[in-house]
Amino acid sequence: MSPSPVSSTPILRRTLIWSAVATAVLAIVAGGVGFLVAQGEGLVSGLLGVLLSALFLAITGISILVANRWYGDPLYVQFFFAIVLGGWLLKLGVFVVVMILLAGQPWLHPMVFFLSIVAGVIMSLVIDVIVLTRMRLPNVSDTTLPTEVPEDVAPGSANRPEEGSPEVGPRS
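The residue numbering used here restarts from 1 in each chain and proceeds along that chain's sequence as written. Selection of residues for local features in this predicted model requires a pLDDT of at least 70, selection of side-chain atom pairs for listing and counting requires 80 or more, and totals for whole chains, interfaces and linings are taken over all residues. Side-chain descriptors were evaluated using all non-hydrogen atoms of the structure, hydrogens and water having been removed beforehand.

### Considerations on the overall build of the chain
Counting from the N terminus, the helices are DSSP H or I runs at least four residues long and the strands are E runs at least two residues long. Scanning the chain for helices and strands turns up three helices and zero strands. For each residue, the accessible area found with a 1.4 Å probe, counting protein chains only, is set against the maximum for its type, and the residue is called buried under 20%, exposed over 50%, and partly exposed in between. The 172 residues of the chain split such that 28% are buried. Contact definition: two residues touch when any of their heavy atoms are within 4.5 Å. Nonlocal contacts in the chain, meaning residues at least 24 apart in sequence, comprise 75% of its contacts between residues at least 6 apart. We get accessible surface area from the Shrake-Rupley algorithm with a probe of 1.4 Å; when it comes to residues, only the shown protein chains can shield them. Summed over its atoms, the accessible surface of the chain is roughly 12100 Å², and 70% of this surface lies on carbon and sulfur atoms.

### Here we look at the nonpolar core
What is meant by a nonpolar core is a set of buried Ala, Val, Leu, Ile, Met, Phe, Trp, Tyr and Cys residues, joined one to another through side-chain atoms within 4.5 Å. Ranked by size, the top nonpolar core spans ten residues in total: Ile-11, Ala-22, Leu-26, Ala-27, Ala-30, Val-50, Met-123, Ile-127, Val-131 and Met-135. Where this core is concerned, the elements lending two or more residues are α1 (9–67) and α3 (110–134). The element contributing the most residues to this core is α1, with six residues. When residues no more than four places from it in sequence are discounted, the contact partners of Ile-127 are Thr-15, Trp-18, Ser-19 and Ala-22. Counting residues in each nonpolar core, the second largest holds eight residues, with Leu-12, Ala-67, Tyr-76 and Val-84 among its members.

### So, the environment of Ile-122
Secondary-structure assignment places Ile-122 in helix α3. For the pair Ile-122 and Ser-53, spaced 69 residues apart in sequence, the C-alpha separation works out to 9.8 Å.

### A look at the packing of α1 against helix α2 (residues 76–102)
Between α1 and α2, the least distance of the axes is 8 Å, while the angle of their chain directions is 165 degrees. With respect to their mutual orientation, α1 and α2 come out roughly antiparallel. The chirality of how α1 crosses α2 is right-handed. Where α1 abuts α2, its residues Leu-48, Leu-52, Phe-56, Ile-59, Thr-60, Ser-63, Ile-64, Val-66 and Ala-67 lie against Tyr-76, Phe-80, Ile-83, Val-84, Gly-87, Trp-88, Leu-90, Lys-91, Val-94, Phe-95, Val-98 and Leu-102. Residue composition of the contact of α1 with α2, by class: 17 nonpolar, three polar and one charged. Comment: axis = line fitted to C-alpha atoms, over the contacting stretch for helices; angle = value between 0 and 180 degrees taken between N-to-C directions. Every angle not falling under 35 degrees, over 145, or within 65 to 115 is termed oblique; those three ranges are roughly parallel, roughly antiparallel and roughly perpendicular. The sense of a crossing depends on the near helix, which, turned anticlockwise from the far helix by less than a right angle, makes the crossing left-handed and, turned clockwise, makes it right-handed. When residue character is reported, Ala, Val, Leu, Ile, Met, Phe, Trp, Tyr, Cys and Pro are called nonpolar, Asp, Glu, Lys and Arg charged, and the others, Gly included, polar.

### Focus on the confidence of the model for the chain
You can read pLDDT as the predictor saying how much it trusts each residue, on a scale of 0 to 100. On average, the chain scores 83 in pLDDT, and the residues at 70 or more come to 79%. Considering each helix and strand of the chain separately, the mean pLDDT is smallest for α3, with a value of 89, and largest for α2, with 92.

### Some points on the packing of aromatic side chains
Here a Phe, Tyr or Trp ring, Trp counted by its six-membered ring, pairs with any other such ring whose centre lies within 6.5 Å, and the pair is stacked when the planes are under 30 degrees apart, edge-to-face when over 60, and tilted otherwise. Enumeration according to the criterion identifies five aromatic pairs in this entry. Each ring, one from Tyr-76 and one from Phe-80, has its centre 5.9 Å from the other, and the planes form 50 degrees; the classification is tilted. One end of the pair is Tyr-76 and the other is Phe-80, both in helix α2 and four residues apart, which spans about a single turn. A single burial state applies to Tyr-76 and to Phe-80, both of which are buried. Aromatic pair Phe-80 and Phe-81: ring centres 5.3 Å apart, planes at 90 degrees, arrangement edge-to-face.

### Regarding α1
A helix is expected to span 1.5 Å for every residue after the first. If you check α1, its first and last C-alpha atoms are just 10 Å apart, much less than what 59 residues at 1.5 Å a residue would give, namely 87 Å. Here the bend at each residue means the angle between axes fitted to two seven-residue stretches, the one ending at that residue and the one beginning there. Within α1, the axis deviates most sharply at Ala-38, by approximately 150 degrees.

### Remarks on the packing of α1 against α3
Between α1 and α3, whose axes approach to 9 Å, the crossing angle comes to 160 degrees. Of the possible angle classes, the one that applies to α1 and α3 is roughly antiparallel. Judged by the sense of rotation from one axis to the other, the crossing of α1 with α3 is right-handed. Here the contact of α1 with α3 is built from residues that sort into 20 nonpolar, twelve polar and two charged.

### Overview of the environment of Leu-102
Take Leu-102: it is sitting in helix α2. Taking relative accessible area as the criterion, Leu-102 reaches 11% and is therefore assigned buried. Those residues within four positions of Leu-102 in sequence are excluded, and the remaining contacts are Leu-48, Leu-52, Trp-107, Leu-108 and Phe-113.

Next comes the structure, spelled out in structure tokens:
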């Protein structure tokens, strides 16, 4: 498989990889703090909050990577926005269902759950900022520049014989 010509693909891949590593670290921290605060309920709440925040935040990056596979297709823009919007709608639907299912559960510590989700979102934002500031992305991407400037060629010069050739007489 050839590499994607879309310049955002390496940035999104790196962001997803860093986010996965940071999610593992944050899960250990949130689970540990949750266990110290509310024993087993806190542990489960911290792990679940970090897992949900990582899942919801990764859906957007993954949907853009999937949509970039259609780059160059005449319907690329339509595919791109349909896939990304579908990812957002999926996130919204899953979020609503998960919150309804988790509301009032006796084994869930609400404050640990909430704070672990907030920590996951902040972690994702920090990773996005770090990756975007360190990656080199051209200001004008995914385009090619002309190799010859049309103004550099005089009009009709291709049909005119050069001076000093036999077809052109001496200048007077």
